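Survey of secondary and tertiary structure
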Amino acid sequence: MARIENAAEATARIEAALYAAGRPLKMEEIIRASGTESRIKTQGLLEGIIKKTRSAFVAIEIAMLPDGSYVFQIKPEHSAKVKRYASRPLLPNATLKTLSYIAYRQPISSKELVSTRGTGVYAHLKELRQLDYISHQNVGRLKIYTTTEKFQKYFGIKGDVEDLKQRLFSKVRKTASKGRPVPEIPVQ
């Protein structure tokens, strides 16, 4: 790829990459997109874009995630309000159900996930690990899954895991009281 010298062109390329990706981008990806081949120059351009975004938009941001990647996103406090306008969901429903099950039951073993969600859970786990929404620890032959700080930040979750579980359980109770079918979630 030809090296880009023009700051305006490099800035436009970074903006376009962040927008088009629809996912967090690592700094190395942003450097490649910019065409500058310079971490320092790209970081400076990115900081300028972040400042312009903060001053120009109320509901949109470029956020640096805990793993050092950057994402162009709707601020968490606004995402629920506009969810119905999204052209495609962030995650397929089955993967989202697996993620919510992990969030509610964490820490949870791969064995328990497979017995509850089926063998399709392996594909869900792979996708969720790639997005860095979950992490695992090996305990013997089992993998034990938990959600990550990135998951909490992306979905606008404040507080600890127990607070999250309590809010999820509260939503399940509200759904049940409205007469809707409620998925079985065993309470420990």
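Computed from a predicted model, the values in this text were never measured in an experiment.

**Observations concerning the overall build of the protein**
Looking only at helices and strands, the protein has nine helices and five strands in total. The helix and strand sequence of the protein, counted from the amino end, reads α-α-α-β-β-α-α-β-α-α-β-β-α-α. Out of the 188 residues in the protein, the part that is buried amounts to 33%. Residue pairs in contact within the protein that sit at least 24 positions apart in sequence constitute 50% of those at least 6 positions apart.

**Quick look at the side chain of threonine 148**
In this structure, threonine 148 sits in the loop between β5 (142-147) and α8 (149-154). Since its relative accessible area comes to 12%, threonine 148 is described here as buried. Excluding its chain neighbours within four sequence positions, the residues that come into contact with threonine 148 are Asp132, Tyr133, Ile134 and Ser135.

**Some thoughts on the nonpolar core**
Within the largest apolar cluster, 17 residues are counted, with the highest numbers of intra-cluster contacts made by Ile102 and Leu113. Secondary structure elements with two or more residues in this core: α5 (93-105), α6 (110-117) and α7 (121-130). By residue number, the principal contributor to this core is α5, which donates four residues. One finds Ala17, Ile30, Leu46 and Tyr70 within the second-largest nonpolar core, a separate group that totals 15 residues.

**Looking at the sheet that holds strand β3 (residues 108-109)**
Read from one edge of the open sheet, three strands run β3-β5-β4, paired in antiparallel fashion. One side of each edge strand has no neighbouring strand; the edge strands of this open sheet are β3 and β4 (134-139). With six bridges joining them, β4 and β5 adopt antiparallel strand pairing. The residue bridging glutamine 137 from the neighbouring strand is isoleucine 144, located in β5. Each of β3, β4 and β5 touches α5; the most contacted strand, β5, lies at about 90° to it.

**Examining the environment of lysine 41**
Counting through the fold element by element, lysine 41 comes out in helix α3 (residues 39-56). Accessibility expressed as a relative area gives 35% for lysine 41, which makes it partly exposed. Each C-alpha atom, one on lysine 41 and one on alanine 10, is 9.5 Å from the other, the two residues being 31 residues apart in sequence.

**Let's talk about the pattern of salt bridges**
Within this structure, the stated rule accounts for four salt bridges. Residue arginine 23 is joined to glutamate 29 by a salt bridge in which the shortest nitrogen-to-oxygen separation is 2.9 Å. We note a salt bridge from arginine 105 to glutamate 112, for which the minimum N-O separation is 3.1 Å. For arginine 105, a relative accessible area of 8% puts it in the buried group.

**Quick look at the packing of α6 against α7**
The contact between α6 and α7 brings their axes to 9 Å, and the two run at 125°. By the angle between their directions, the pair α6 and α7 is classed as oblique. Residues Leu113, Val114 and Arg117 of α6 touch α7, and the partners they reach there are Val121, Tyr122, His124 and Leu125. Its residues placed into classes, the contact of α6 with α7 shows five nonpolar, one polar and one charged.

Cut-offs used in this document
- Residues numbered from 1 in each chain as written.
- Predicted model: local features only at pLDDT ≥ 70, side-chain atom pairs only at ≥ 80, totals over all residues.
- Heavy atoms only, no water.
- Helix = DSSP H or I, 4+ residues; strand = E, 2+ residues; numbered from the N terminus.
- Buried < 20%, exposed > 50% of the residue type's maximum accessible area, 1.4 Å probe, protein only.
- Contact = heavy atoms within 4.5 Å.
- Core = buried A, V, L, I, M, F, W, Y, C linked by side-chain atoms within 4.5 Å.
- Pairing = 2+ DSSP bridges.
- Axes fitted to C-alpha atoms, helices over the stretch in contact; angles between N-to-C directions.
- Salt bridge = Lys/Arg side-chain N within 4 Å of Asp/Glu carboxyl O.
- Parallel < 35°, antiparallel > 145°, perpendicular 65-115°, else oblique.
- Nonpolar A, V, L, I, M, F, W, Y, C, P; charged D, E, K, R; others polar.

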